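This is what each chain is made of:
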Amino acid sequence: MKLFDEAFLRQLEQLTLVSRRARRGQIQGERRSPKRGRSVEFADYRNYVPGDDLRSVDWNVYARLGRPFVKLFSEEEDTTVHFLLDASRSMAFGSPPKWEHAMRLAGALGYVALAGMDRVAAMAMGGDGAAVMPPIRTKRQALAWFDWLQTLRPDGEAHLGPAVRRYAARARQVGPAVLISDLLDPSWEEGLTALFARRFDVIVLHVLAPQEVDPDVEGDLELVDSETGHSVEITADYDLLARYRDSLDAWRAQIRDFCVRREMSYVFVETTTPLRELLLAHLRLHAVLE
């Protein structure tokens, strides 16, 4: 299955994933590094010391101040963008299904990173355990990225907290980390805390189906947890649905506040939002893309 048409890919190539922190990369790319290098973008001055290349001295400053200063320039390098995908059974729920939206969202953001000469690494949590994709780089690897995503099927439990904690501990290069999940796994705080502790730039894309946001149900029902199989009987009336919506709002506010306090980006995504609108408008509005 072809995930995106050529016209949409050309639009994605005009976007950049925003990284809040300059990183030390491995090879030259398009992101600003904390190292000083040879790009044309001026970064700072420092005092001249014997042995410095005289061509790097700003003689205009010397003429004004009578002291030599060396001009420093930003060096642009690549970074690794980490995608952490919730592929648990609950992500198969909804119309449109949450997993289909999450998979295409990851595919598009990964393409943005590859087109920007960044590395892309990923882990999908669900089924029999975590599936890891080693880092890839350049647009030529985009097909491998799309193929890997389309082999995944939502199943089992995510165990999000322990899985993300292990991934964060093993990551060799820290960078932007994009978590795409419905966050129904109660261990989400553990995972985000582990990413925060290792200074990832965390972006949380919280995906829910419209049937979860505003359920259209009534009468006596048995609700079954799609991951654990646990069930509960309810009577869906006006009061119960009102309490449900209040609880949902409080839960989303709790997650958003958790992220804001740790300078993480939090974006709520309902699967009825068209992918093009989400990428070209909503994520730019939230400073995830520019």
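Right above here is the structure, for reference.
Each value, and the rule that gives it
The residue numbering used here restarts from 1 in each chain and proceeds along that chain's sequence as written. Predicted model: local features are reported for residues with pLDDT of at least 70 only, side-chain atom pairs are reported and counted for 80 or more only, and whole-chain, interface and lining totals are derived from all residues. The side-chain figures draw on all heavy atoms in the structure; neither hydrogens nor water molecules are used. Secondary structure counts use DSSP, requiring at least four H or I residues in a row for a helix and at least two E residues in a row for a strand, with both numbered from the N terminus. Only heavy atoms matter for contacts: two residues are in contact if any of them lie within 4.5 Å across the pair. For the exposure calls, accessible area comes from a 1.4 Å probe over protein chains only, and a residue counts as buried if that area is under 20% of its type's maximum, exposed if over 50%, partly exposed in between. The pairing criterion for strands is at least two bridges between them, as found by DSSP. In this description, a line fitted to the C-alpha atoms serves as the axis of each element, helices being fitted only across the stretch in contact, and the angle between N-to-C directions of two axes falls anywhere from 0 to 180 degrees. Whether two aromatic rings pair depends on their centres lying within 6.5 Å, for rings of Phe, Tyr and Trp, where Trp uses its six-membered ring; planes under 30 degrees apart make the pair stacked, over 60 edge-to-face, and the rest tilted. In our convention, an over-ring charge means Lys NZ or Arg CZ found within 6 Å of a ring centre and within 35 degrees of that ring's normal.

**A word on the environment of V267**
Inference 1: By secondary structure assignment, the location of V267 is in strand β10 (residues 265-270).
Inference 2: With 64 residues separating them in the primary sequence, V267 and I203 have C-alpha atoms 7.9 Å apart.
Inference 3: Residues in contact with V267, not counting those within four places in the same chain, are V204, L205, H206, L283, H286 and V288.

**Quick notes on unusual backbone geometry**
Inference 1: Going from S95 to P96, the amide bond is cis rather than trans, its omega being 0°.
Inference 2: Tracing the sequence through the fold places P96 in the loop between β3 (80-86) and α3 (98-115).
Inference 3: The phi angle at L183 is positive, at roughly 60°, despite the residue not being glycine.
Inference 4: One can find L183 in the loop between β6 (176-181) and α6 (188-197).
Inference 5: A relative accessible area of 2% places L183 in the buried class.

**Concerning the sheet that holds strand β4 (residues 119-126)**
Inference 1: Ordered by their spatial adjacency, six strands build an open sheet running β5-β4-β3-β6-β7-β10, and the pairing between neighbours is mixed. Edge positions in the sheet fall to β5 (129-137) and β10, since each of these pairs with one other strand and no more. On average, each strand axis in the sheet is tilted by 15° relative to the strand beside it, whichever way the strands run.
Inference 2: Where β3 meets β4, seven bridges bridge the pair, whose relative direction is parallel. Bridged to H82 within β4 is A121.
Inference 3: Its contacts with the sheet put helix α8 (residues 238-261) on β7 (201-208) and β10, and the angle it makes with β7 is roughly 170°.

**A closer look at the packing of aromatic side chains**
Inference 1: Under the defined criterion, the tally for this structure stands at seven aromatic pairs.
Inference 2: Residues F4 and F8 carry aromatic rings whose centres are separated by 5.4 Å and whose planes lie at 55° to one another, so their mutual orientation is tilted. With respect to class, F4 is no different from F8; both count as buried.
Inference 3: Look at W188 and F258: their rings are 5.3 Å apart centre to centre, the planes differ by 80°, and that puts the pair in the edge-to-face class. In this pair, W188 sits in helix α6 while F258 sits in helix α8, placing the two residues 70 residues apart along the sequence. Like F258, W188 is buried.
Inference 4: An aromatic cluster of at least three residues, connected via ring pairs, comprises F4, F8, Y111 and F146.
Inference 5: Cation over ring: R252 sits above F268, and NZ or CZ is 3.7 Å from the ring centre.

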